[in-house]
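Fold and geometry: a report
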Amino acid sequence: MRDSKKNRKFALPFAIQENTSEMTTDTQKWQEVLEAIRPRISQDTFSTWFEHITFLGVKDNKVKLEVPNNFFYEYLVEHFGQMLLAEVNKVFDVADVNIQLKEDSKQADANTKDQPAEAKPVFNTHLNHAYTFDNFIKGEANKLARSIAITIATKPMQTAFNPLFIYGDSGVGKSHLVNAIGLKMVEDNPDKRVLYVSAHDFLIQYTDSVPKNKFNDFMYFYQSIDCLIVDDIHDISGKLKTQEALFNIFNHLQRNGRQIIFTSDKAPSMLQGFEERVSSRFVMGATAELQRPDEQLRRNILKAKIRKNQLNIPKNVIDYIATNVTDNVRDLEGVINSLLLQSIVSDSEITLEMTEQIVSRLVRLKAKTITPELVVNTVCKHYKITHKEINSASRKANIVRARQTAMYLIQKHTNLSTTQIGINIGHRDHTTVIHACRQADLRIKTAPGYKEEIRVIEQEMTK
């Protein structure tokens, strides 16, 4: 499938297909190709490898595409080439597909240069657009961190807060705050290359690049970023070669006045498994802690969520939740979601008694140590399947449902990475775990019956 580096194209014989439907533009056809591919792979994979492809048009019986660099080209062709060709074959009447590198695009002909702007996807920041400053509720627990974040976002690369290291317990809003920084930067400076990446994904990208001799392309990409946001930096603890790559990227970005932001569940001084030269970089700029929300902040967060979702929840219920759910924002939101579901299932108003029951379950659940073994045992018992079946390659609907449920609950109630979760359930790949968790999360949001299943399983886990 690989031709010479100079040509950068791959081709298969294409059958000419009749199209009796109304003609669409080439750009619309390309979107059809992408939408056909999207459900066949995980969203992270799609975002990484397909949203960075620029559609240049059709010329000389070829679909012409552009990719950022040689590393991207080689990986795309090796892992997704056949799938891409097959879907293009279904939509376009062309002989082959031609892929060129961005740095070679100046040689493109005038017809390619005249492609409409909407056909070219923008740089994918991987930012979550739901996490803005507008819906980040201010309080004493986050006042300092929020103030620094706003300063960086509105004056990028112009402050002494570089790097910014934000730390705090799980669920206190670290990811929300750093996404808000990135979104504000992009809003004010659309041409800036702002990238959000989890430390785990950074690790995977690095380890993929080395055996394929693509390390230079990996480094080139990261050294081109204007603002690099690395979430959960503690996930590369002990990964010394990955840390060395990050160290070199850090030095390059800082020398060139680029912004760097880290988050962690621990303060820099408490991190283990990092070389001193790496950990010393974490404290060169500003360090800010996001503390657990105090009662007033918890109450404000609840009110904001209730307003956003247009819910009708009595004041005594809000007061009870704010007083008794004290650990983090995620728990507050979880209680509200559970109350909403319970009221729908029981077709009744949200009451204090209902709230007490749900909060009681949450407290019991948090008090008990949840292990992967406990989750798998409980899930197998609930779905009446064996450990051998849940670890197997079976695609039976009930087994797939149980497997995805187990992966979702392990991710929710433990600190295991997706790689570690996959090892615990049939030695599966981390991308399978990511897909399973997303499927379970989607099912929770769209199927009240499944959300009730989750509640029952969690209740059983606390006994």
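Residues numbered from 1 in each chain as written. Predicted model: local features only at pLDDT ≥ 70, side-chain atom pairs only at ≥ 80, totals over all residues. Heavy atoms only, no water.

**Topic: the nonpolar core**
Short version of the rule: Residue types Ala, Val, Leu, Ile, Met, Phe, Trp, Tyr and Cys, when buried and joined through side-chain atoms within 4.5 Å, form a set referred to as a nonpolar core. Summary of the burial criterion: residues with accessible area below 20% of their type's maximum are buried, those above 50% are exposed, and those between are partly exposed, where the area comes from a 1.4 Å probe applied to protein chains only. A run of DSSP states H or I qualifies as a helix once it reaches four residues; a run of E qualifies as a strand once it reaches two. Both are numbered from the N-terminal end. Contact criterion: two residues are considered in contact whenever any of their non-hydrogen atoms come within 4.5 Å of each other.
Grouped together as the largest cluster of nonpolar side chains are 30 residues, with contacts concentrated most on F218, Y222, L228, I233, I249, F262 and F282. Breaking this core down by element, the ones donating at least two residues are strand 5 (164–167), strand 6 (194–198), helix 7 (199–209), helix 8 (215–223), strand 7 (227–231), helix 9 (240–255), strand 8 (259–264) and helix 10 (276–282). Ranked by residue count, the leading element in this core is helix 9, at 6 residues. Those residues in contact with Y222 that lie beyond four places of it in its chain are L195, V197, F202, Q205, L228, I249 and L253. By size, the runner-up hydrophobic cluster in this structure holds 28 residues, among which are F46, L76, L84 and V97.

**Quick notes on the pattern of salt bridges**
To be explicit about the condition: Any carboxyl oxygen of Asp or Glu that lies within 4 Å of a side-chain nitrogen of Lys or Arg is treated as forming a salt bridge with it.
With the rule as written, the count across this model stands at 15 salt bridges. For E87, the salt bridge goes to R40, with nearest N and O atoms at 2.6 Å. With E87 in helix 3 (residues 70–91) and R40 in the loop between helix 1 (26–37) and helix 2 (43–49), the pair connects residues that are 47 residues apart, well separated along the chain. A relative accessible area of 5% places E87 in the buried class. Residue D319 pairs with R299 through a salt bridge whose shortest N-O separation is 3.1 Å. Here R299 lies in helix 11 (residues 295–308) and D319 lies in helix 12 (residues 315–324), a separation of 20 residues in the sequence. Residues participating in the shared-partner salt-bridge network are E295, R299, K315 and D319.

**Notes on the environment of S209**
Of note, S209 is situated in helix 7. When the C-alpha atoms of S209 and M219 are compared, they prove to be 9.5 Å apart, with 10 residues separating the residues in sequence.

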